[in-house]
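# Examination of the molecular architecture
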Amino acid sequence: MTTIDPRLAGRRVVVKVPATTANLGPGFDTLGLGLSVYDELEVSVRAEPGATVTVHGVGKGEVPTDESNLVVRAIAHTFAAHGVALPGLELVAHNVIPHGRGMGSSAAAIVSGIMAAKGLLEGIVELGPDDLLARATELEGHPDNVAPALFGGLTIAWMTPEGPQHKRLTVHRGVSLLVAVPETSTMSTALARSLQPESVPHEDAIFNVSRSALLIAALIQSPELLFAATEDKLHQNYRASAMPETNALITVLREHGLAAVVSGAGPSVLVLCSDPAQRLQAAELIAQHATTPWVSHMLAVDFKGATVNTHPAEAAA
């Protein structure tokens, strides 16, 4: 019989994790932004073994409510990685981030579980930023979404033999965001990745290197360069056939000088604006040209990343 650490008894944590948008045009699998849309999670340790999940909001009636739930799997993965037996768990998820829309819903679920584990393990195992990013990347497969979900702001993520690394940067206060989300269509990240070739022309690689470098400068220092900085030749054109309306809207927006790109794997559209008037123009153009229902969200960059509040006092109850 597995022995549960008695210090876990009665513990409860509350986690808040932002949505994210990755790639940002040319920064494929590297660049990401935290968004001011949040999933919240409450996790309590209980005497009964196993886990149950109650879902409110997005995903209710659709996502698993037992141990196969991605959040539970992320908690279990973190406990196992640090050699601690998993106690019985009661989860309540308050979900707002759309699923399958390119706003990092799977990354948010993974980070929610890892941050919950961090809070539950406080005083037993201390998890630093590198540990959190490593556990999240092991589950997500790549760090571009989990890094901004964990740390907020603009993140650059890369892989090394020692594991995933990240650098967090502060976005220029003149940058404002619009994310347009289709109400009905979704996109599988696996499908989106399957549409890309295994190799690209040398000149396309050089093109994206230059635009990615320029995009960092535009986001942290020179927002007026956002339009030129968001050009891409590595992934969006290859995926366009699977998201025709997304592609059409991006074309219209860019024809009007707006820095529009696919948000993550899509099908949502991200518009990086250098002034608030551009956001209004983008929303108007989307409303005029969309052939199915889309919702335009005026968002800010999340600067805090994921947070966890621990309530260990209940252990004495």
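Here, every reference points to the structure presented above.
A brief report on the enclosed structure follows. (Residues numbered from 1 in each chain as written. Predicted model: local features only at pLDDT ≥ 70, side-chain atom pairs only at ≥ 80, totals over all residues. Heavy atoms only, no water.)

### Quick look at the overall build of the protein chain
Check the secondary structure of the protein chain and you find 10 helices and 11 strands. The C-alpha atoms of the protein chain give a radius of gyration of 20 Å, which matches the 20 Å a tight globule of 317 residues would have. Principal-axis analysis of the C-alpha atoms gives the protein chain an extent of 65 × 40 × 35 Å. Residue burial in the protein chain is summarised as follows: out of 317 residues, 50% are buried. Relative to all contacts within the protein chain whose residues are 6 or more apart in sequence, the contacts with residues 24 or more apart total 75%. Put simply, the protein chain shows about 13600 Å² of open surface, and 55% of that area lies on carbon and sulfur atoms. Across the protein chain, the mean location of the 20 positive side-chain charges is 4 Å away from that of the 31 negative side-chain charges. (Helix = DSSP H or I, 4+ residues; strand = E, 2+ residues; numbered from the N terminus. Rg over C-alpha atoms; globule rule 2.2 N^0.38 Å. Buried < 20%, exposed > 50% of the residue type's maximum accessible area, 1.4 Å probe, protein only. Contact = heavy atoms within 4.5 Å. Areas by Shrake-Rupley, 256 points an atom, 1.4 Å probe, with all protein chains shown as cover. Lys, Arg positive; Asp, Glu negative; His and termini not counted. Charge placed at Lys NZ, Arg CZ, Asp CG, Glu CD.)

### Let's talk about the layout of surface pockets
Reported here for the largest pocket is a volume of approximately 720 Å³. If you go around the largest pocket, you meet 43 residues; those closest to its centre are Leu70, Gly104, Ser105, Ser106 and Ala107. At the level of secondary structure, the elements contributing two or more residues to the lining of the largest pocket comprise β2 (31-46), β3 (51-57), α1 (70-81), β4 (88-95), α2 (105-120), α3 (129-140) and α5 (189-194). No other element matches the 7 residues that α2 contributes to the lining of the largest pocket. (1 Å grid on protein atoms, 1.4 Å probe; cavity = no way out; pocket = protein on both sides within 12 Å on 5 of 7 lines; lining within 4 Å. Points joined across faces, edges and corners; volume = space filled by probe spheres on them.)

### Focus: the environment of Asp130
Among the secondary structure elements, Asp130 is positioned in helix α3. Residue class for Asp130 comes out exposed when judged on its relative accessible area of 51%. Along the primary structure Asp130 and Pro164 are separated by 34 residues, whereas in three dimensions their C-alpha atoms are 7.9 Å apart.

### Things to note about the environment of Ala290
In this structure, Ala290 sits in the loop between α10 (276-289) and β10 (294-299). A relative accessible area of 21% means that Ala290 is categorised as partly exposed. Considering only alpha carbons, one finds Ala290 and Asp144, 146 residues apart in sequence, at a separation of 29 Å.

### Observations concerning the packing of aromatic side chains
All chains considered together, the criterion is met by 0 aromatic pairs. The ring of Phe207 has Lys233 lying over it, and the distance from NZ or CZ to the ring centre is 4.5 Å. The ring of Phe227 has Arg254 sitting right over it, with the charged end atom 4.4 Å from the ring centre. (Phe/Tyr/Trp six-rings, centres within 6.5 Å; stacked < 30°, edge-to-face > 60°. Lys NZ or Arg CZ within 6 Å of the ring centre and 35° of its normal.)

### Side note on the side chain of Arg279
Note that Arg279 resides in helix α10. One buried charged side chain, Arg279, makes no salt bridge at all; its nearest oppositely charged neighbour is Asp275, positioned 8.4 Å away. Leaving out residues up to four positions away in the same chain, Arg279 has contacts with Ser176, Leu177, Leu178, Cys273, Met298 and Leu299. (Salt bridge = Lys/Arg side-chain N within 4 Å of Asp/Glu carboxyl O.)

### Considering α2
With 16 residues, α2 extends 22 Å from end C-alpha to end C-alpha; this agrees with the ideal 22 Å at 1.5 Å per step. Counting buried residues along α2, 14 of its 16 residues qualify, which places the element largely inside the surrounding structure. (Expected span 1.5 Å × (residues − 1).)

### Thoughts on the pairing of strand β7 (residues 176-182)
Most of β7 sits inside the fold, with 7 of its 7 residues counted as buried. The alternating pattern of β7 places Ser176, Leu178, Ala180 and Pro182 and Leu177, Val179 and Val181 on opposite faces, both of which are buried. Note that β7 and strand β9 (residues 269-273) share 5 bridges and pair antiparallel. Each bridged residue has a counterpart across the sheet, and for Ala180 the counterpart in β9 is Val269. Bridging between β7 and β10 involves 6 bridges; their strand directions are antiparallel. When the bridges of β10 are listed, Ala180 appears paired with Ser296. (Pairing = 2+ DSSP bridges.)

### Topic: the pairing of β4
Two strands pair when backbone bridges link them, and β2 and β4 are joined in this way by 7 bridges, in the antiparallel orientation. From the neighbouring strand, Glu40 faces β4, where its bridge partner is His94. Bridge count between β3 and β4: 7 bridges; the pairing is parallel. Its bridge partner being in β4, His56 is matched across the sheet by His94. Between β3 and its parallel partner β4, the chain crosses via α1, and the hand of that crossover is left-handed. (Right-handed = clockwise from strand over helix to strand, strands pointing away.)

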